[in-house]
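Geometric and topological summary
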Amino acid sequence: MMPKERLIVALDVDTKEKALGLVEKLKAEVKIFKIGSELFTSCGPDIVAAIKAKGCGIFLDLKFHDIPNTVAKSAIAATRLGVTILNVHALGGYDMMKKCIEAVALEAKALKITKPHVIAVTVLTSMDENSLKKIGINDNMEKQVLKLAKLAKDASLDGVVASPSEVKLIRRELGEEFIIVTPGVRPGWAAADDQKRIATPKEAVLNGATYIVVGRPIVEASDPMAATKKILEEIK
Ligand code: C5P
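Calculation rules
- Residue positions are counted from 1 within each chain, in the order its sequence is given.
- This being a predicted model, a pLDDT of at least 70 is required before a residue's local features are given, and a value of 80 or more before pairs of side-chain atoms are given or counted; all residues contribute to the totals for chains, interfaces and linings.
- Values shown for side chains rest on all heavy atoms present in the structure; no hydrogens or waters enter the calculation.
- Secondary structure elements follow DSSP: runs of H or I no shorter than four residues count as helices, runs of E no shorter than two count as strands, and numbering proceeds from the N terminus.
- A simple rule labels every residue: compare its accessible area, found with a 1.4 Å probe on the protein chains alone, to the largest value its type can have, and call it buried under 20%, exposed over 50%, or partly exposed in between.
- Cavities and pockets are defined on a 1 Å grid built over the protein atoms alone: a cavity is a set of grid points where a 1.4 Å probe fits but cannot escape, while a pocket is an open set with protein on both sides within 12 Å along at least five of seven lines, and lining residues are those with an atom within 4 Å of any such point.
- Grid points are joined across faces, edges and corners, and a volume is the space filled by probe spheres set on the points.
- Any residue outside Ala, Val, Leu, Ile, Met, Phe, Trp, Tyr, Cys, Pro, Asp, Glu, Lys and Arg is labelled polar, Gly included; the first ten of those are nonpolar and the last four are charged.
- Identification of polar contacts relies on pairs of N or O atoms within 3.5 Å, with a donor-acceptor requirement for protein atoms, meaning one able to donate a hydrogen and the other able to accept it, and with residues adjacent in sequence counted only if both atoms are side-chain atoms.
- Only heavy atoms matter for contacts: two residues are in contact if any of them lie within 4.5 Å across the pair.
- Residues are labelled near a given molecule or strand when at least one of their non-hydrogen atoms is within 4 Å of it.
- Surface exposure here means Shrake-Rupley accessible area, sampled with a 1.4 Å probe, where a residue is shielded only by the protein chains that are shown.
- Pocket or cavity membership: a molecule qualifies when more than half of its atoms sit within 2 Å of the grid points of that site.
- Note on pairing: two strands pair once DSSP finds at least 2 bridges between them.
- Here an angle of 0 to 180 degrees is reported between the N-to-C directions of two axes, which are lines fitted to C-alpha atoms, with helices fitted over the stretch in contact.

In this section: the environment of G57. In this structure, G57 sits in strand β3 (residues 57-64). Under the relative-accessibility criterion, G57 is labelled buried at 14%. For the pair G57 and F33, spaced 24 residues apart in sequence, the C-alpha separation works out to 6.3 Å.

Have a look at this one:
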């Protein structure tokens, strides 16, 4: 993959104008933009169409986590929007993930479009072992992440979202084809913000990440294109 194909920029902003402004500035170098719950809740599904109209792919990061039927129907709706990647929480369980990917495959076939990649969030990159303990999970981070990644693979999902710290392990255990999307990526020159398990773009890719997701270091930079180019250079 080319460096350009590996970078996903998180459009964590709250208006269509800000989102489209960033897409316009960055689209020469960025092929996929991530729409998360802030932008989607603020602007609705029209924002997906507007960004697609500029020729870019969408990672719809709404992290569905509900009963299997509700997640499958939400994922069908996301498939109809023509997104490239969508995600669910692996903590929703095997049945939820299985029903979701089956529904997405059927819908994509009916629409005669490429099936979106369905990936599962293992453990949020903002969490550490202390935060896991507080919600009753006593396994160490690697064990918990690997358990959820294997569950996602068993349910036939295309990949996972995982922090840079677990990429190497997942790549080794789950093979070359499994997609690993890695947020919590911070170049040496950027602040960590609320991310706890971070790595540089270079480390993330060397460890086996398929895609890296970068938000604030680009979106909040005084020159987002310059920040993007620096990150692409590091990936290369
Ligand atoms: O600004 P920053 O680079 O930290 O943005 C990371 C993005 O990745 C955010 O939109 C966040 O919601 C998302 N994300 C994450 N950890 C996950 C899944 C998604 O940080 N496990």
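On to the layout of surface pockets. The calculated volume of the largest pocket comes to roughly 490 Å³. In terms of lining residues, the largest pocket is bounded by 25 residues, among which D12, K34, D61, K63 and Q195 are the most central. For the lining of the largest pocket, the secondary structure elements donating two or more residues are β2 (32-36), α3 (37-43), β3 and β8 (211-214). Looking at side-chain class alone, the lining of the largest pocket contains nine nonpolar, eight polar and eight charged residues.

Looking at the secondary structure, you find Q195 in the loop between β7 (179-182) and α10 (201-206). The exposure class assigned to Q195 is buried, which follows from its relative accessible area of 16%. Within the structure, Q195 has its side chain in polar contact with the side chain of T125 (distance 2.8 Å). Not counting residues up to four positions away in its chain, the partners in contact with Q195 are T125, S126, G184, R186 and R216.

Close contacts around the ligand come from 18 residues, with D12, K34, T125, R186 and R216 the closest. In the environment of the ligand, an oxygen atom lies 2.8 Å from a nitrogen or oxygen atom belonging to the side chain of Q195. At 2.7 Å, a backbone N or O of R216 approaches an oxygen atom of the ligand. Protein coverage of the free-state accessible area of the ligand, which is 470 Å², stands at 88%. In a pocket analysis with a 2 Å cut-off to the grid points, the ligand is assigned to the largest pocket. Split by residue class, the shell around the ligand holds nine nonpolar, three polar and six charged.

Attention shifts here to the sheet that holds strand β1 (residues 7-10). The parallel closed barrel is built from eight strands, whose spatial order is β1-β2-β3-β4-β5-β6-β7-β8. Pairwise comparison of adjacent strand axes, ignoring direction, gives a mean angle of 25° for this sheet. Taken together, the three bridges between β1 and β8 define a ladder with parallel strand orientation. Residue V9 lies in a different strand from β8, and its bridge partner there is V214.

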